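Chain residues, written in single-letter form:
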Amino acid sequence: MSGQSLIYHGLVSKDAPLAMDLRIMRETGFSGLEVSAEKMRRVLAAGYTEEELTGWLSQVQVPGIGFLLDLERHGADRAALMRDAEDIFTLARIAGAGGVQVITGPVQLAAVQAVADGKPWAGYRGVLAMTRDEQMRIMSENLAALADAAKAHGLLIYLEALAWLPLNTLADQVEAIERAGRDNLRLCVDFWHCYASGDTPDDVARLDKSMLYGVHFCDSRAFAGGLPDESVLRDVPTGQGALNLRDWTDAVKATGYEGWWSCELFCRRQHQGDSFETARELYGLMTSLIL
């Protein structure tokens, strides 16, 4: 029997509340939900109690909750990183989640372009323009600190490096995790971020399965190079883009990985359509390739 688990992602129904994510998940066949921390915050802000929210999720497989932004915050910004981490760890406890997703920053493509062009950027810069050694040192030190804090809550940290930022390849992420040296650090394989960072299915297939915690099953428009614009490249229905999803899926399975696969989606047309129909289509596609 397959040890693979198909997990619904709240970005399929991007503008819907958490209660609707849960209904879609249940009615379309998925085994669980990768929970949006922001949607959880909206539930609590609307007056629901933590106990009520725990009840919503108590019978749901929640492998992870996303996401903690700007992993590389350092200097005066590092205290805010750790405060934000404690906040999302609390949400993970409420959700009964197994792990917390952390991502690199800044998320603004314009920041990366400005720094690359030598132009001023007034906003958050992260580790842009630093040497690779400095970037890796900060990233691995922060991963270790977050992993230590997460362990006190019984949680894993799973890393997803954004494709338009430094240290974006699978090799970079494995190096950072190994340098951090914590047993509750893992890697999330996101097909789009891998593709846009220059990684291939062969690179995925060479990963040690013990490094993996979760797969984001997604697609892309064709990418010709340069800085990848997520808002353009990911605006496509999964299965209708440039990726050979069979090759990417088989590459993950070649590692021996058995675990959860989440249907992250950035297609604006589908966000405005019938999320039940989209979820059913995704479940069918994932079933045919994964199970």
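Further up the page is the structure itself.
The following paragraphs examine the structure supplied in this document. (Residues numbered from 1 in each chain as written. Predicted model: local features only at pLDDT ≥ 70, side-chain atom pairs only at ≥ 80, totals over all residues. Heavy atoms only, no water.)

What follows deals with the pattern of salt bridges. One pass over the structure, following the stated rule, counts 19 salt bridges. In this structure, glutamate 38 and arginine 41 form a salt bridge, with 3.6 Å as the shortest nitrogen-oxygen distance. With glutamate 38 and arginine 41 both in helix α2 (residues 37-45) and three residues apart, the pair spans about one turn of that helix. The exposure class of glutamate 38 is partly exposed, given its relative accessible area of 38%. Each of Glu38, Arg41, Arg42 and Asp87 takes part in one network of salt bridges that share partners. (Salt bridge = Lys/Arg side-chain N within 4 Å of Asp/Glu carboxyl O. Helix = DSSP H or I, 4+ residues; strand = E, 2+ residues; numbered from the N terminus. Buried < 20%, exposed > 50% of the residue type's maximum accessible area, 1.4 Å probe, protein only.)

Looking now at the sheet that holds strand β2 (residues 32-36). Within the closed barrel, the eight strands sit side by side as β1-β2-β3-β4-β5-β6-β7-β8. Their pairing is parallel. Averaged over all pairs of adjacent strands, the angle between their axes in this sheet comes to 30°, without regard to strand direction. Contacts from helix α7 (residues 170-180) reach β5 (156-160) and β6 (185-190) within the one sheet, and its direction differs from that of β6 by about 170°. Helix α13 (residues 275-290) contacts β1 (5-9) and β8 (260-262) of the sheet and is inclined by roughly 155° relative to β1. (Pairing = 2+ DSSP bridges. Axes fitted to C-alpha atoms, helices over the stretch in contact; angles between N-to-C directions. Contact = heavy atoms within 4.5 Å.)

Here the focus is the packing of aromatic side chains. Scanning the model with the defined rule gives ten aromatic pairs in all. With a centroid separation of 5.4 Å and an interplanar angle of 55°, the aromatic rings of tyrosine 158 and tyrosine 213 are classed as tilted. One end of the pair, tyrosine 158, is in strand β5; the other, tyrosine 213, is in strand β7 (residues 212-216), with 55 residues separating them in the sequence. Assessed through its relative accessible area of 0%, tyrosine 158 is described here as buried. Residue tyrosine 213 is classed as buried on the basis of its relative accessible area of 14%. Ring pairing ties together the aromatic residues Tyr8, Phe30 and Tyr283, which thus form one cluster. (Phe/Tyr/Trp six-rings, centres within 6.5 Å; stacked < 30°, edge-to-face > 60°.)

Our next topic: the pairing of β2. Most of β2 sits inside the fold, with four of its five residues counted as buried. With respect to chirality, the unit in which β1 leads through helix α1 (residues 18-28) into the neighbouring parallel β2 is right-handed. (Right-handed = clockwise from strand over helix to strand, strands pointing away.)

Our focus in this paragraph is a nonpolar patch on the surface. On the surface, a cluster of nonpolar side chains totalling about 240 Å² of accessible area is made up of Phe67, Leu69 and Val107. Structurally, phenylalanine 67 is set in strand β3 (residues 64-68). (Patch = residues over 30% accessible without salt bridge, like charges linked within 9 Å, V, L, I, M, F, W, Y side chains within 5 Å. Areas by Shrake-Rupley, 256 points an atom, 1.4 Å probe, with all protein chains shown as cover.)

Moving on: the nonpolar core. By size, the foremost hydrophobic cluster in this structure holds 94 residues, and its most contacted members are Met40, Leu143, Phe191 and Trp261. Beyond its immediate chain neighbours, meaning those up to four positions away, methionine 40 contacts Leu18, Val35, Leu53, Leu57, Ile65, Leu91, Ile94 and Ala95. (Core = buried A, V, L, I, M, F, W, Y, C linked by side-chain atoms within 4.5 Å.)

Further remarks concern α1. For α1, the full list of buried residues reads Leu18, Asp21, Leu22, Ile24, Met25 and Thr28. Buried residues of α1, viewed axially, fall in a sector of 165°; they line one side. For α1, the secondary structure elements touched by its buried residues are β1, β2, α2, α3 (50-57) and α13. One or two positions beyond α1, positive phi appears at glycine 29, with a value near 105°. (Arc of directions from axis to C-beta.)

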